[in-house]
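# Report on the structure
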Amino acid sequence: MADELVIKDLHVSVEDKEILHGINLTIRQGEVNVIMGPNGSGKSTLSNVIMGHPRYTVTSGDIIFKGESILALSADRRAKRGLFLAFQYPYEVPGVSAQNFLRTALTNIRKGDVVSTVKPDNLDVVGDGSGGRKASLGGDGANIDRRKKESLIPPKEFREIMRKKLQLLHMEEKFVKRYLNDGFSGGEKKRMEILQMAVLEPKIAFLDEPDSGLDIDAIRIVGEGVSSLISPEMGIVVITHQQRILNYLEVDHVNVMMQGLIVKSGGRDLAKQIEDNGYGWIREEAGLAVGAEEDQ
Amino acid sequence: MSSPVAEGLLTLEAVEKLSAAKNEPEWLLAKRREAWTLYESLPTPDWTRGIRGWWHSAVKQLDVNTLQPFTPAGNALPELDSFNVAEEGDEVKMVTEVLAGIIVQYNSEVVRVELSPEAQAAGVIFTSLDEAVQKHPELVQQYFMTSNVKAEENKFTALHAALWSGGAFLYVPDKVEISAPFRVVFYADTPQTALFSHVIVVTGANSKVKVIEEQLSNDEVGGQIMDANIVETFVGNYSTLEYYNPQEWGHNVNNFSTKRALLSTYSVNRWIVALFGSDETRLDLESITQGEGARAETIGAIFPTGDQHHDLKTTTRHSVPHTTGDALFKAALRDRGQYGFQGKIRVDKNGKFTESTLGDHVLFLSEESKADALPSLDVDANDVRCAHGQTIGMVDDNQIFYLQTRGLSRDEAISTIVSGFFEQVTDRVPLASVRERLRLSIARKMA
């Protein structure tokens, strides 16, 4: 049976201000979902909350993935269970090679969410942490590193995975030899997100405006890339303002968010209607005040 | 060397007994006595109070009067020959660095001196400083604490000049290029040891060498160890010296270190330093360009964790026209770690057409850590291009979240961000074994 992500009557606050007012949504593996809506309607918030961003507080409701609530889990444990978020604005991590990072990430994701290996979210784990080099400068340090390296996915296997995924997305190898997103153009960052998704093979992936700020050619590259990754094992949620990227995808469901609520659901046609007529008619239908989104 | 004699606390008598035991020439004894007088008259500096007196943390006081002026070598020297690691492709390997020579000082005594046949044939002198006094007195008299670091600079340089022992002396003749590094290791394992480790490097014209200086101690013995250390380099015309100092003293060491390079015409001196160890370190790191076309490069990685305190004063001084400098420091602070940085580009009146940069970047990993950073330009010449840049910030929660969404735990995410932060420094370390070792040490300090 396909895995499901069920969002139940989800209320979310930031600094005591409620911004999601009871979201209900079910995402299934193998389906393409679209969330549309004006700026400030809570789309990005929703995807961040699902990934477990610590800035947001879930005040009521639940997020259930594969039959279990994930609300108490940190972002990394949610990722290990198969959730993914392609960021609207991916962060730069200078000095960290994209390739090495991805190897560690894939190793962790493949291990899955094994509770016994999860460390407390606390910096001070052992001793006073100052780590001065002790008398034995023999092998112990090197051995620690050796163990760490050996527990990673073998280099040959990883290289092969990278080669395939890069090929699939028509990307060059030099791309992953650079530091993660460091000095990347907007389009390169978006493609790097899609590459990460391709390598990590999540069960449910949220793509937060994968098309924003991109020119037509770049949207095609990203759209075709995403399309090539969709499988019965991967469900995606595309958050977008634009209809264009949807041309590359077999859309199953379209949901419209406004003012922290899902106000309308439909099929592929709904996206077209919005492209033609804007959001005004939906707002009226839902009986919402004009422009309230901008406050958020 | 023969057995220790200068027993008891730090006194003039101890100075004289030490010199006598080493059969030192009269000029050296006179120099030691003179330094002792300076030591007694100079004030105890209050460096460890923070540069501008901002810090209120009680810094552990070092009681110099409980320290032994000479501590013989013990018999528990750790394995030193295969600590290096290098990454080849994706395999991590233990690498035994091919060395041009090695000197090991254990407490106050040099216990091992080796020089490769190639270096020997090239006329390189690589001995303990004690031995150099006997075999090459004219060279020691010329270079030892004369035109470079001077006894009168502060209380610890004076004490050092009065009580130094062991040490390393490297003299490279003209036109000798050796790619394998010379390695100098200082090791201490006895409580209440006062160490005065000294390194002198003299490179002849058109020569090219590398030196790795290391400090290690057994910190399970308790007590305090003081290392008042001095490094003097004299970089000859058109020569290049790469000087590596991954300092990893144990937690029982208070370290007062002065390192200075004098650069001749078209020479290059590269300081590559890491402050990772010790309880407290005060490093005074300087490069002075004295010949036209000289280039002074400095890179530093600083990482106080636990209750460590790392103070760094660094100057690139341009005293003649047409010289260049490039200094970059990166410091991460964890737990209650403290970092003081006073960085300066100094251009003397005669230093026209200087081009020099200074960068200092600080990353806080905890709320309790403290840093005080003060970069400055002090320029007395026209037609110069000097710049300094500084950044200070906490590790970014958004970056952490981003990496966590890819399956890295919070600890792994922070560790990844920190190693990336240091990478701009580690990536510039030319010698692969030291580069890998720094990466490993950073990872260990994050563990």
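What you see is a predicted model; the values in this text were computed from it and never measured.

### With respect to the overall build of chain A
- Counting its regular elements, chain A contains 10 helices and 12 strands.
- When burial is assessed residue by residue, chain A has 43% of its 296 residues classed as buried.
- Long-range contacts, defined here as pairs at least 24 residues apart, represent 74% of the contacts in chain A between residues at least 6 apart.

### Some remarks on the overall build of chain B
- From N to C terminus, chain B includes 9 helices and 22 strands.
- Taken over the C-alpha trace, chain B has a radius of gyration of 21 Å; the compact-globule value for 447 residues is 22 Å, and the two agree within 12%.
- Projecting the C-alpha coordinates of chain B onto the three principal axes gives extents of approximately 70 × 50 × 45 Å.
- Split into buried and exposed, the 447 residues of chain B put 57% on the buried side.
- Pairs at least 24 apart in sequence give 80% of the contacts found in chain B among residues at least 6 apart.

### Examining the confidence of the model for chain B
Residues and elements named next belong to chain B.
- Per-chain confidence: chain B averages 90 in pLDDT, with 91% of residues scoring 70 or above.
- Low pLDDT, under 50, characterises residues 1-7; the stretch is placed with 16 contacts to residues that sit more than four places away or in other chains.
- Across residues 54-59 the pLDDT falls below 50, and counting only partners more than four positions away or on other chains, this stretch makes 9 contacts in the model.
- Of the two predicted TM-score estimates for the complex, the pTM is 0.87 and the ipTM is 0.89.

### Some remarks on the packing of helix 5 (residues 155-168) of chain A against helix 7 (residues 186-200) of chain A
All names here are of chain A.
- Contact geometry for helix 5 and helix 7: axes closest at 10 Å, N-to-C directions at 130°. When the interaxial angle is binned, helix 5 and helix 7 end up oblique. By crossing handedness, the relation of helix 5 to helix 7 is classed as right-handed. Packed against helix 5, whose contacting residues are Ile-161, Lys-165 and Leu-168, the element helix 7 presents Leu-195, Ala-198 and Val-199 at the interface.
- Per-class residue counts for the contact of helix 5 with helix 7 are 5 nonpolar, no polar and 1 charged.

### So, helix 3 (residues 98-111) of chain A
- End to end, helix 3 of chain A covers 20 Å across 14 residues, agreeing with the expected 20 Å (1.5 Å per residue, within 8%).
- Within two residues after helix 3 of chain A, A:Gly112 carries a phi angle of roughly 80°, on the positive side.

### As for the sheet that holds strand 10 (residues 235-239) of chain A
Residues and elements named next belong to chain A.
- Ordered by their spatial adjacency, 6 strands build an open sheet running 6-9-10-3-11-12, and the pairing between neighbours is mixed. Unpaired on one side and paired on the other, strand 6 (83-86) and strand 12 (261-266) mark the two borders of the sheet. Direction aside, the axes of adjacent strands within the sheet are offset by 20° on average.
- Judged from the 5 bridges that link them, strand 11 (residues 253-258) and strand 12 form a sheet pairing that is antiparallel.

### Topic: unusual backbone geometry
Residues and elements named next belong to chain B.
- For Asn-206, which is not a glycine, the phi torsion comes out positive at approximately 60°.
- Relative to the helices and strands, Asn-206 resides in the loop between strand 9 (198-203) and strand 10 (208-217).
- Given 17 C-beta atoms within 10 Å, Asn-206 falls into the partly exposed group.
- With a phi angle near 60°, Tyr-238 is a residue other than glycine that sits in the positive phi range.

### Let's talk about the sheet that holds strand 2 (residues 17-28) of chain A
All names here are of chain A.
- Taken in spatial order, the 4 strands line up as 2-1-4-5 in an open sheet, and their pairing is antiparallel. Taken across any chain shown, the strands that pair with only one partner, and hence form the sheet edges, are strand 2 and strand 5 (68-69).
- Where strand 1 (residues 4-14) meets strand 4 (residues 57-65), 7 bridges bridge the pair, whose relative direction is antiparallel. Bridging from a neighbouring strand, Leu-5 pairs with Phe-65 of strand 4.
- Along the sheet, helix 1 (residues 43-51) contacts strand 1, strand 2 and strand 4; its crossing angle with strand 2, the most-contacted strand, is approximately 70°.

### Topic: the environment of B:Val379
Residue and element names in this part refer to chain B.
- If you trace the backbone, Val-379 turns up in strand 21 (residues 370-379).
- Take Val-379: there are 17 C-beta atoms within 10 Å of it, and that puts it in the partly exposed class.
- What Val-379 contacts, discounting residues up to four positions off in sequence, is Val-347, Val-384 and Cys-386.

### As for the nonpolar core
- Counting residues in each nonpolar core, the largest one holds 198 residues, and the members touching the most others are B:Ala331 and B:Val418.
- Apart from the residues lying within four places of it in its own chain, the contact partners of B:Ala331 are B:Ile302, B:Phe303, B:Tyr339, B:Phe341, B:Val362 and B:Ala371.

### Observations regarding the packing of helix 1 (residues 12-21) of chain B against helix 2 (residues 26-41) of chain B
Residues and elements named next belong to chain B.
- Look at helix 1 against helix 2: their axes get within 10 Å of each other, and the N-to-C directions meet at 165°. As far as their axial angle goes, helix 2 and helix 1 are roughly antiparallel. The way helix 1 lies across helix 2 gives a crossing that is right-handed. In this structure, helix 1 contributes Leu-12, Val-15 and Ser-19 to the contact, and helix 2 contributes Leu-28, Leu-29, Arg-32, Arg-33 and Trp-36.
- The class makeup of the residues in the contact of helix 1 with helix 2 is 5 nonpolar, 1 polar and 2 charged.

### Some thoughts on the environment of B:Gly236
Residue and element names in this part refer to chain B.
- Relative to the elements of secondary structure, Gly-236 occurs in the loop between strand 11 (225-235) and strand 12 (240-247).
- Taking the C-beta count within 10 Å as the criterion, Gly-236 has 23 such neighbours and is therefore assigned buried.
- Gly-236 sits 163 residues away from Gln-399 along the chain, and the two C-alpha atoms are 46 Å apart.
- Excluding anything up to four places from it in sequence, Gly-236 contacts Thr-203, Gly-204, Ala-205, Ser-207, Ser-264 and Ser-267.

### A look at the environment of B:Thr44
- By secondary structure assignment, the location of B:Thr44 is in the loop between helix 2 and strand 1 (84-88).
- When the 11 C-beta atoms within 10 Å are taken as the criterion, B:Thr44 is described as exposed.

### What to know about the confidence of the model for chain A
- With 85% of its residues at a pLDDT of at least 70, chain A reaches an overall mean of 85.
- Across residues 116-147 of chain A, where pLDDT falls below 50, the model places 58 contacts with residues more than four positions away in sequence or in other chains.

Cut-offs and rules
- Residues numbered from 1 in each chain as written.
- Chains lettered and ligands numbered in written order.
- Predicted model: local features only at pLDDT ≥ 70, side-chain atom pairs only at ≥ 80, totals over all residues.
- Helix = DSSP H or I, 4+ residues; strand = E, 2+ residues; numbered from the N terminus.
- Buried ≥ 20, exposed ≤ 12 C-beta atoms within 10 Å, placed from the backbone.
- Contact = placed C-beta atoms within 7 Å.
- Rg over C-alpha atoms; globule rule 2.2 N^0.38 Å.
- pLDDT = per-residue confidence, 0-100.
- Axes fitted to C-alpha atoms, helices over the stretch in contact; angles between N-to-C directions.
- Parallel < 35°, antiparallel > 145°, perpendicular 65-115°, else oblique.
- Left-handed = near helix turned anticlockwise from the far one by under 90°.
- Nonpolar A, V, L, I, M, F, W, Y, C, P; charged D, E, K, R; others polar.
- Expected span 1.5 Å × (residues − 1).
- Pairing = 2+ DSSP bridges.
- Core = buried A, V, L, I, M, F, W, Y, C linked by C-beta atoms within 7 Å.

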